[in-house]
Amino acid sequence: MSSKKIIIANWKQNGSLKSLRSLTSQIIKALKLKSISHSVVILPPYVYLPILAEQVLSNKKIRNLSIGVQNVSAFSDGAYTGEVSFEMCKDFGSKYFLVGHSERRQILSESDVLISNKVSRLLNHNKKVILCVGETLAERNKKLDKSVISKQLISALGSLSSKSKIKTNNIIIAYEPIWAIGSGKSASSEDIYNTHSYIKKKLNMILKPCKILPKVIYGGSVNNTNSKEILSIDGVDGTLVGGASLNAKKFIEICSSI
Ligand code: 13P
């Protein structure tokens, strides 16, 4: 697998047009000036996608910055009020699609079935999926973390039709322990190493035959002070950053910390 890491900014439901344009231009400027060789992806709220995509895509010299969305519909065009399809996002340059974030699973009651339908639709259309998995604190305390993650992976990827036609390099798994999100306390290096190893082993089994193993990235209180250590853990192929990605200086430091 390539050693190139991927740093993804999940801006969630934050910011205004003005603040996110400014954040985007500061990221673009840093990528022009600094030698950041890894891939950087920003996931703005849907409404700002067209404007920010134009900002990103008009900078032809920057090859390592892409844009994506935080959610996507499981359906093709039709009577699905409020939903947005990948085709619509693609019209505005969206390359990555985040699916199954714990906030969507928990607060918006997204089911495993819905998540699996989103993942299948995207992969069947050769699109890049970032699938989030992770356990709650209660599950961790009961030592159920691995079985929860295994269930999430099997449910999202286990029933893919025509597995042989799916490009596994279109899949990124984001391990985000729910207790670490927004808490200021990331998982320990040992926990991250163990869980990423477990996820990779599991992916090898679920996606058989699998020439290219999906990247596995970590999210949950990643910031500019812990990113270097996290990114240097064996088996960590990148990070998914929430809060710290809303601060240009911190996010650029995270992107430069490897
Ligand atoms: P924080 O980086 O704010 O903990 O959020 C992580 C996250 O949920 C990214 O998707």
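Residues numbered from 1 in each chain as written. Predicted model: local features only at pLDDT ≥ 70, side-chain atom pairs only at ≥ 80, totals over all residues. Heavy atoms only, no water.

**So, the overall build of the protein chain**
Counting its regular elements, the protein chain contains 10 helices and eight strands. Across its three principal directions, the C-alpha atoms of the protein chain cover 45 × 40 × 35 Å. Within the span of the protein chain, comprising 258 residues, buried residues form 53% of the whole. Accessible surface, the protein chain as shown: approximately 12300 Å² in total, 52% of it carbon and sulfur. Charged side chains in the protein chain number 37 positive and 18 negative. The centres of these two groups are separated by 7 Å. (Helix = DSSP H or I, 4+ residues; strand = E, 2+ residues; numbered from the N terminus. Buried < 20%, exposed > 50% of the residue type's maximum accessible area, 1.4 Å probe, protein only. Areas by Shrake-Rupley, 256 points an atom, 1.4 Å probe, with all protein chains shown as cover. Lys, Arg positive; Asp, Glu negative; His and termini not counted. Charge placed at Lys NZ, Arg CZ, Asp CG, Glu CD.)

**Notes on the packing of aromatic side chains**
Tallying each qualifying case throughout the model produces three aromatic pairs. Ring plane angle 80° and centroid distance 6.3 Å describe the contact between F86 and F97, whose orientation is recorded as edge-to-face. One end of the pair, F86, is in helix α3 (residues 86-90); the other, F97, is in strand β4 (residues 94-99), with 11 residues separating them in the sequence. Across the pair, F97 and F86 agree in class, each one buried. Looking at K146, its charged tip hangs above the ring of Y198, at a distance of 5.9 Å from the centre. (Phe/Tyr/Trp six-rings, centres within 6.5 Å; stacked < 30°, edge-to-face > 60°. Lys NZ or Arg CZ within 6 Å of the ring centre and 35° of its normal.)

**Details of the sheet that holds strand β6 (residues 171-175)**
Overall, parallel pairing links the eight strands, which are arranged β1-β2-β3-β4-β5-β6-β7-β8 in a closed barrel. In this sheet, neighbouring strand axes are inclined to one another by 25° on average, regardless of whether the strands run parallel or antiparallel. Bridge count for β4 against strand β5 (residues 128-133) is four bridges, and the pairing is parallel. Among the inter-strand pairings, L98 is bridged to a residue of β5, identified as I130. Contacts between helix α10 (residues 248-256) and the sheet are confined to β1 (6-10), β2 (39-43) and β8 (238-241), with β1 contributing the most and set at about 160° to the helix. (Pairing = 2+ DSSP bridges. Axes fitted to C-alpha atoms, helices over the stretch in contact; angles between N-to-C directions. Contact = heavy atoms within 4.5 Å.)

**Details of the site of the ligand**
What surrounds the ligand is the set N10, K12, H101, E176, A180, I181, G182, G220, S221, L240, G242 and G243. At 2.8 Å from an oxygen atom of the ligand is found a side-chain nitrogen or oxygen belonging to K12. The contact in question runs from an oxygen atom of the ligand to an N or O atom on the backbone of S221, over 2.8 Å. A total of 310 Å² of accessible area belongs to the ligand in isolation, and the protein chains cover 94% of it. (Near = heavy atom within 4 Å. Polar contact = N/O pair within 3.5 Å; in protein donor to acceptor, adjacent residues only side chain to side chain.)

**Observations concerning the nonpolar core**
Counting 66 residues, the largest nonpolar core has L131, L153, L157 and I173 as its most contacted members. The biggest single contributor to this core is helix α1 (residues 17-33), with six residues. If we skip the residues at most four places from it in the chain, L153 touches L131, V133, G158, I173, I199, K202, L203 and I206. L43, A174, I217 and L240 belong to the second-largest nonpolar core, a separate cluster that totals 12 residues. (Core = buried A, V, L, I, M, F, W, Y, C linked by side-chain atoms within 4.5 Å.)

**Digging into the packing of α1 against helix α2 (residues 49-57)**
One way to put it is that α1 packs onto α2 with a least axis distance of 10 Å and a crossing angle of 15°. Viewed along their axes, α1 and α2 adopt a mutual orientation that is roughly parallel. α2 is crossed by α1, and the crossing has right-handed handedness. Taking contact as the criterion, the partners of L17, L20, R21, T24, S25 and I28 in α1 are, on α2, I51, L52, Q55 and V56. Its residues placed into classes, the contact of α1 with α2 shows six nonpolar, three polar and one charged. (Parallel < 35°, antiparallel > 145°, perpendicular 65-115°, else oblique. Left-handed = near helix turned anticlockwise from the far one by under 90°. Nonpolar A, V, L, I, M, F, W, Y, C, P; charged D, E, K, R; others polar.)

**With respect to the side chain of K215**
Here K215 is to be found in strand β7 (residues 215-219). A polar side-chain atom of K215 sits 3.1 Å from the main-chain carbonyl oxygen of K4.

**Focus on the side chain of S245**
Topologically, S245 is positioned in the loop between β8 and α10. If we skip the residues at most four places from it in the chain, S245 touches A9, N10, W11, L23 and F251.

**Concerning the environment of N224**
Looking at the secondary structure, you find N224 in the loop between β7 and α9 (227-231). Sequence separation between N224 and E253 is 29 residues; the distance between their C-alpha atoms is 5.7 Å. Non-local contacts of N224, meaning those with residues more than four positions away in its chain, are made with K250, E253 and I254. At 3.2 Å, the side chain of N224 forms a polar contact with the side chain of E253.

By themselves these figures say nothing about function.
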